[in-house]
Amino acid sequence: MAQETSRAVGPIVLLGPPGAGKGTQAKRIMEHYGIPQISTGDLLRENVNLGTELGQAAKAVMARGELVCDELVCNMVRHRLIQPDTRRGYILDGFPRTAAQAGWLDALLDHELFDKSRPTRAWPIVIQLDVDYNQLLLRITGRRTCPADGKIYNVHFQPPRVDEICDIDGTKLVSRNDDRLEVIQPRLTAYQEQTRPVAEYYQRTGRLISVNGDVPMDAVTDEIFRVLEDHHA
Ligand code: AP5
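It should be emphasised that the depicted structure is a prediction, and the values quoted were computed from it without experimental measurement. (Residues numbered from 1 in each chain as written. Predicted model: local features only at pLDDT ≥ 70, side-chain atom pairs only at ≥ 80, totals over all residues. Heavy atoms only, no water.)

Engineer: Give me the lowdown on the site of the ligand, citing residues and values where you can.
Structural biologist: Near the ligand you find 37 residues, and of these Thr 24, Glu 66, Arg 143, Tyr 153 and Arg 187 are the closest. Contact between the ligand and Val 68: a nitrogen atom at 3.0 Å from a main-chain N or O atom of the residue. When residues of the shell around the ligand are traced back to their parent elements, those giving at least two are α1 (22-33), α2 (40-50), α6 (133-142), β6 (152-154) and α8 (217-232). Among the elements that make up the shell around the ligand, the one with the highest residue count is α2 (four residues). Classifying every residue of the shell around the ligand gives 16 nonpolar, 12 polar and nine charged. (Near = heavy atom within 4 Å. Polar contact = N/O pair within 3.5 Å; in protein donor to acceptor, adjacent residues only side chain to side chain. Helix = DSSP H or I, 4+ residues; strand = E, 2+ residues; numbered from the N terminus. Nonpolar A, V, L, I, M, F, W, Y, C, P; charged D, E, K, R; others polar.)

Engineer: Which residues make up the pattern of salt bridges, and what values do they have?
Structural biologist: Opposite charge on two side chains permits them to pair, given that their charged atoms come into close proximity. Applying the stated criterion across every chain yields a total of 13 salt bridges. Between Asp 218 and Arg 28 there is a salt bridge, and its shortest N-O distance comes to 2.9 Å. Here the residue Asp 218 occupies a position in helix α8, and Arg 28 occupies one in helix α1, the gap between them amounting to 190 residues. The class for Arg 28 is partly exposed, based on a relative accessible area of 22%. Salt-bridge contacts for Glu 182 lead to Arg 180; the nearest nitrogen and oxygen are separated by 3.1 Å. Residues joined by salt bridges that share partners form a network here, namely Arg 143, Arg 176, Asp 178, Asp 179 and Arg 187. (Salt bridge = Lys/Arg side-chain N within 4 Å of Asp/Glu carboxyl O. Buried < 20%, exposed > 50% of the residue type's maximum accessible area, 1.4 Å probe, protein only.)

Engineer: Before we move on, could you go through the packing of aromatic side chains and cite the residues and values that matter?
Structural biologist: In this structure the tally under the stated criterion is three aromatic pairs. When the ring of Phe 95 is compared with that of Trp 104, the centres are 5.8 Å apart and the planes differ by 90°; the resulting orientation is edge-to-face. Of the residues examined, Trp 104 reaches a relative accessible area of 18% and is grouped as buried. Ring geometry for Tyr 201 versus Tyr 202: centroids 5.3 Å apart, planes at 50°, classification tilted. In this structure Tyr 201 comes out as partly exposed when scored by relative accessible area, which is 24%. On the basis of relative accessibility, which here comes to 0%, the residue Tyr 202 falls in the buried class. Across the ring face of Tyr 153, the terminal group of Lys 151 is positioned such that the distance to the ring centre comes to 5.1 Å. We note Arg 207 situated over the ring of Trp 123; from NZ or CZ to the ring centre the distance is 4.7 Å. (Phe/Tyr/Trp six-rings, centres within 6.5 Å; stacked < 30°, edge-to-face > 60°. Lys NZ or Arg CZ within 6 Å of the ring centre and 35° of its normal.)

Have a look at this one:
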């Protein structure tokens, strides 16, 4: 499908538990609409790898499967959102995931709604990916990522052509540090306790659109594109 680069799209918020497919779908939206994926998980992991002050503060928290504190995450997102590539829209993948982050984002967007110089003056389109618990476990434990280009694989559902090797650049695939079995449960608990209320908040304000994430990747993508097209029609 040709890339769409003329219209403003979004902002788009992708919500869903660990392993729901947010990163996978965000990359497809990014490729199709030409707007950036802003993954707070990826940004934090980048900071951990670079050993920045933020990365040092986040490293142990992430390894335990808990959420990094709101102030650090919101500052990181603020810094990313002022980059010029967000002007036509952006996809927030993994943000907001606490009530405080959702409030912070609303305040930011509320301000932008009155900024006539911004082409993307709109409330976010919030898409929630629903996936069965056992399927989530398979997806998380089977995930492999290319450290060079970020491409996501799955040993069960989307294996590389050669075992453990990236199809694109031949790099050896890696497992994420927090995809270990003992860290998965705390991550799912953090989702239930801290992020479900965010989904409920968007539901109450009539902004939540649920998409069945428990079907093959292409079917999820088709449904998301349909939702986005309906929204912009
Ligand atoms: P983050 O990186 O955001 O992880 P997450 O939310 O736990 O989500 P995942 O990346 O595990 O899953 P995903 O939904 O992106 O699924 P994916 O597409 O990879 O956060 C990590 C940590 O950072 C947090 O625990 C926290 O410490 C910190 N953090 C991040 N944001 C924060 C915030 N806002 N506030 C505070 N702390 C924050 O897919 C998973 C697998 O399934 C892949 O292998 C894929 O190939 C496969 N798959 C995908 N779709 C399908 C399908 N339809 N069928 C079959 N397989 C599929």
